Amino acid sequence: MTQPSEAAVQAAPTQNPSAPRIHRAWFVAAVTFVTIIGAAAFRSLPGLLIDPLHDDFGWSRGTISAAVSVNLALYGLTAPFAAALMDRFGIRRVVAVALTVIAVGSGLTVWMTAAWQLMLYWGLLVGLGSGSMALAFAATVTNRWFTERRGLVTGILTAASASGQLIFLPVLSWMVEKHDWRPAAITVALAALAVVPFVWLLLRDHPADVGLKPYGAKEFVPKPEPVPGAARRAVTVLFKAARTGPFWLLAGTFAICGASTNGLIQTHFVPAAHDHGMPVTAAASLLAVIGVFDVVGTVASGWFTDRFEPRRLLAVYYALRGISLLFLPMLLAPSVHPPMLFFIVFYGLDWVATVPPTVALCREQYGDDSAIVFGWVLASHQVGAALIAFLGGVARDVFGSYDMIWYASGALCAAAALMALVIRRRQAAVPLPATA
């Protein structure tokens, strides 16, 4: 008797009446959540390194911020190529290699003696590795495994970064203050390595690998063939998307999002608070509290995105963020007081609440290419973050204060709110023209 081909088995999965009531997609989402948490340790460290590296090596804050800028820029610029590589080689392989690169880069910083080594290890290696673990990873998992609850799942996976920050930031700040910055760098390396076995053993590339339909799908979806030419495809999708107006509006708003979060608060809040006499551990704890409320805000934003117009959600998020940043210079003080706590809660709820509606708009505008398009939009997010991370350090060196950068970021958020409102609505999710 002739055996059916593997493709035929995938195309016609058997119905199992005893199949588990919880869809496998939720387990994949859980593994992705834990993976992003483990990789999030590196995002907690840059803001804690500025003052210790300045004291140890005498490097200017502008020089240190430049390495952070390279890291942030590569975090974004690598994302679209990583999304294309996941289509070519699978999610598991790309993510496992990325976590290993993060571990190597972070571990090598312990032996550095020159600023160029910081640029190479933390800027280049950790930037490339973390870029492959960027939000495009979450978007790829969501697009493949879910047809329903996509907004909610996007919000949950986005919140994983905040959860990682919540877990690692207080611990790393304590290490930096009590034992030096080197044990903190080793902790980041070990955290990244610890997640690799979970990825390799538990993560699956596509529902068809286990004979399932995506969550909420009416029909079985065969696993697509590997897409060759990952770099060419990523660039081709960029060129096609760049000929559309919504891409530039999404990229512009997300660049401002990165400037006002990763580049500004995550990099410079701790040293800025320390300038006003606040202990480093207290300032780091405030960032961790932002992570707590970021989880709440991002999951809620995903729920809202499934029910409300994403353009209006973006406009509200950016407007509220801009208002909060304008008040921050008046709130910094040697101790934590109620108005500062109100800012932390308010800002935390809005930290990455922009991600679910931005992913939804990419999906609406660009269909099957949306993960790669979102990767390029994320690249603009990180370019904005890198620019403000660098300019923030330079402003501190030149003016002796961060005040100007807070006010400028608040004004940029107001501009982003207006940009979000003018993104035109597309009636149906139509993919970009097929690549050659």
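The notes below deal with the structure included here. Predicted, not measured: the structure shown is a model, and the values here were computed from it.

Reading guide: rules and limits
- Residues numbered from 1 in each chain as written.
- Predicted model: local features only at pLDDT ≥ 70, side-chain atom pairs only at ≥ 80, totals over all residues.
- Heavy atoms only, no water.
- Helix = DSSP H or I, 4+ residues; strand = E, 2+ residues; numbered from the N terminus.
- Buried < 20%, exposed > 50% of the residue type's maximum accessible area, 1.4 Å probe, protein only.
- Contact = heavy atoms within 4.5 Å.
- Areas by Shrake-Rupley, 256 points an atom, 1.4 Å probe, with all protein chains shown as cover.
- Expected span 1.5 Å × (residues − 1).
- Salt bridge = Lys/Arg side-chain N within 4 Å of Asp/Glu carboxyl O.
- Axes fitted to C-alpha atoms, helices over the stretch in contact; angles between N-to-C directions.
- Nonpolar A, V, L, I, M, F, W, Y, C, P; charged D, E, K, R; others polar.
- Patch = residues over 30% accessible without salt bridge, like charges linked within 9 Å, V, L, I, M, F, W, Y side chains within 5 Å.
- Lys, Arg positive; Asp, Glu negative; His and termini not counted.
- Polar contact = N/O pair within 3.5 Å; in protein donor to acceptor, adjacent residues only side chain to side chain.
- Phe/Tyr/Trp six-rings, centres within 6.5 Å; stacked < 30°, edge-to-face > 60°.
- Core = buried A, V, L, I, M, F, W, Y, C linked by side-chain atoms within 4.5 Å.

### Observations regarding the overall build of the chain
Turning to step 1, where the next piece is worked out: The number of helices and strands found in the chain is 20 helices and 0 strands.
Turning to step 2, where the next piece is worked out: Put simply, the chain has 436 residues, and 57% of those count as buried.
Turning to step 3, where the next piece is worked out: Long-range contacts, defined here as pairs at least 24 residues apart, represent 84% of the contacts in the chain between residues at least 6 apart.
Turning to step 4, where the next piece is worked out: As displayed, the chain has an accessible area near 17,700 Å², and 68% of this comes from carbon and sulfur atoms.

### Regarding helix H7 (residues 91-108)
Turning to step 1, where the next piece is worked out: Taking 1.5 Å as the rise per residue, H7 with 18 residues should run 26 Å; its terminal C-alpha atoms sit 26 Å apart, in good agreement.
Turning to step 2, where the next piece is worked out: The set of residues buried in H7 consists of Ile91, Val94, Val95, Ala96, Ala98, Leu99, Ile102, Ala103, Gly105, Ser106 and Gly107.

### So, unusual backbone geometry
Turning to step 1, where the next piece is worked out: Of note, the phi angle at aspartate 180 is positive, near 100°, even though the residue is not glycine.
Turning to step 2, where the next piece is worked out: Mapped onto the elements of the fold, aspartate 180 is located in the loop between helix H10 (150-179) and helix H11 (182-202).

### Quick notes on the environment of valine 280
Turning to step 1, where the next piece is worked out: One can find valine 280 in helix H15 (residues 280-305).
Turning to step 2, where the next piece is worked out: Since its relative accessible area comes to 18%, valine 280 is described here as buried.
Turning to step 3, where the next piece is worked out: The spacing of valine 280 and aspartate 51 is 229 residues in sequence and 9.8 Å in space, taken between C-alpha atoms.

### A short note on the pattern of salt bridges
Charged atoms that come close allow side chains of opposite charge to pair.
Turning to step 1, where the next piece is worked out: Within this structure, the stated rule accounts for 5 salt bridges.
Turning to step 2, where the next piece is worked out: Residue arginine 311 pairs with glutamate 309 through a salt bridge whose shortest N-O separation is 2.2 Å.
Turning to step 3, where the next piece is worked out: The exposure class assigned to glutamate 309 is partly exposed, which follows from its relative accessible area of 23%.
Turning to step 4, where the next piece is worked out: Ionic pairing is found between glutamate 364 and arginine 311, a salt bridge with its closest N-O pair at 2.4 Å. Of this pair, glutamate 364 sits in helix H18 (residues 355-366) while arginine 311 sits in helix H16 (residues 310-331), and the two are 53 residues apart along the sequence. The residues glutamate 364 and arginine 311 share a single accessibility class, namely buried.

### Focus: the packing of helix H5 (residues 61-77) against helix H6 (residues 79-89)
Turning to step 1, where the next piece is worked out: One way to put it is that H5 packs onto H6 with a least axis distance of 4 Å and a crossing angle of 35°. Contacts between H5 and H6 pair Tyr75, Gly76 and Leu77 from the former with Ala79, Pro80 and Phe81 from the latter.
Turning to step 2, where the next piece is worked out: When grouped by side-chain class, the residues that make up the contact of H5 with H6 number 5 nonpolar, 1 polar and no charged.

### Notes on helix H20 (residues 403-421)
Turning to step 1, where the next piece is worked out: With 19 residues, H20 extends 29 Å from end C-alpha to end C-alpha; this agrees with the ideal 27 Å at 1.5 Å per step.
Turning to step 2, where the next piece is worked out: Buried residues belonging to H20 abut helix H13 (245-260), helix H14 (262-275), H16 and helix H19 (370-399).

### A short note on a nonpolar patch on the surface
Turning to step 1, where the next piece is worked out: Where nonpolar side chains cluster on the molecular surface, the patch consists of Val316, Leu320, Ile323, Leu326, Phe327, Met330 and Tyr407 and spans about 660 Å² of accessible area.
Turning to step 2, where the next piece is worked out: Here the element with the most residues in the nonpolar patch is H16; it accounts for 6 residues.
Turning to step 3, where the next piece is worked out: Take tyrosine 407: it is sitting in helix H20.

### A closer look at the environment of threonine 358
Turning to step 1, where the next piece is worked out: Mapped onto the secondary structure, threonine 358 falls in helix H18.
Turning to step 2, where the next piece is worked out: The buried category is assigned to threonine 358, whose relative accessible area is 0%.
Turning to step 3, where the next piece is worked out: For threonine 358 and arginine 311, which are 47 residues apart along the polypeptide, the C-alpha to C-alpha distance reads 8.3 Å.
Turning to step 4, where the next piece is worked out: Residues contacting threonine 358, with those up to four places away along its chain left out, are Leu250, Phe254, Leu314, Phe374 and Val377.

### Some details on the side chain of arginine 321
Turning to step 1, where the next piece is worked out: By the secondary structure assignment, arginine 321 is in helix H16.
Turning to step 2, where the next piece is worked out: For arginine 321, which is buried and forms no salt bridge, the nearest opposite charge comes from aspartate 350, at a distance of 4.1 Å.
Turning to step 3, where the next piece is worked out: A polar atom in the side chain of arginine 321 sits 3.0 Å from the side chain of serine 260.
Turning to step 4, where the next piece is worked out: Setting aside anything within four residues of it in sequence, one finds arginine 321 in contact with Cys257, Ser260, Thr261, Tyr347, Asp350, Trp351, Val352, Thr354 and Cys413.

### With respect to the side chain of threonine 142
Turning to step 1, where the next piece is worked out: Of note, threonine 142 is situated in helix H9 (residues 135-145).
Turning to step 2, where the next piece is worked out: Setting aside its immediate chain neighbours within four residues, threonine 142 contacts Arg150, Val153, Thr154, Leu157 and Arg363.

### Description of the packing of aromatic side chains
Turning to step 1, where the next piece is worked out: Counted under the stated rule, the structure contains 12 aromatic pairs.
Turning to step 2, where the next piece is worked out: Consider the rings of phenylalanine 247 and tryptophan 248, whose centres lie 5.4 Å apart with planes at 80°: the pair is edge-to-face.
Turning to step 3, where the next piece is worked out: Here tryptophan 248 falls in the exposed class, since its relative accessible area comes to 53%.
Turning to step 4, where the next piece is worked out: Taken together, the ring pairs connect Trp26, Phe146 and Tyr215 into an aromatic cluster.

### Side note on the nonpolar core
Turning to step 1, where the next piece is worked out: Formed by 86 residues in total, the largest nonpolar core has its most connected members in Leu45, Leu48, Ile265, Phe269, Met340 and Trp406.
Turning to step 2, where the next piece is worked out: In terms of residue count, H19 provides more of this core than any other element does, 8 residues in total.
Turning to step 3, where the next piece is worked out: Apart from the residues within four sequence positions on either side, phenylalanine 269 is in contact with Leu264, Ala283, Leu286, Leu287, Leu328, Leu332, Met340, Ile344 and Trp406.
Turning to step 4, where the next piece is worked out: Listed in part, the 30 residues of the second largest apolar core include Ala25, Val28, Phe137 and Val141.

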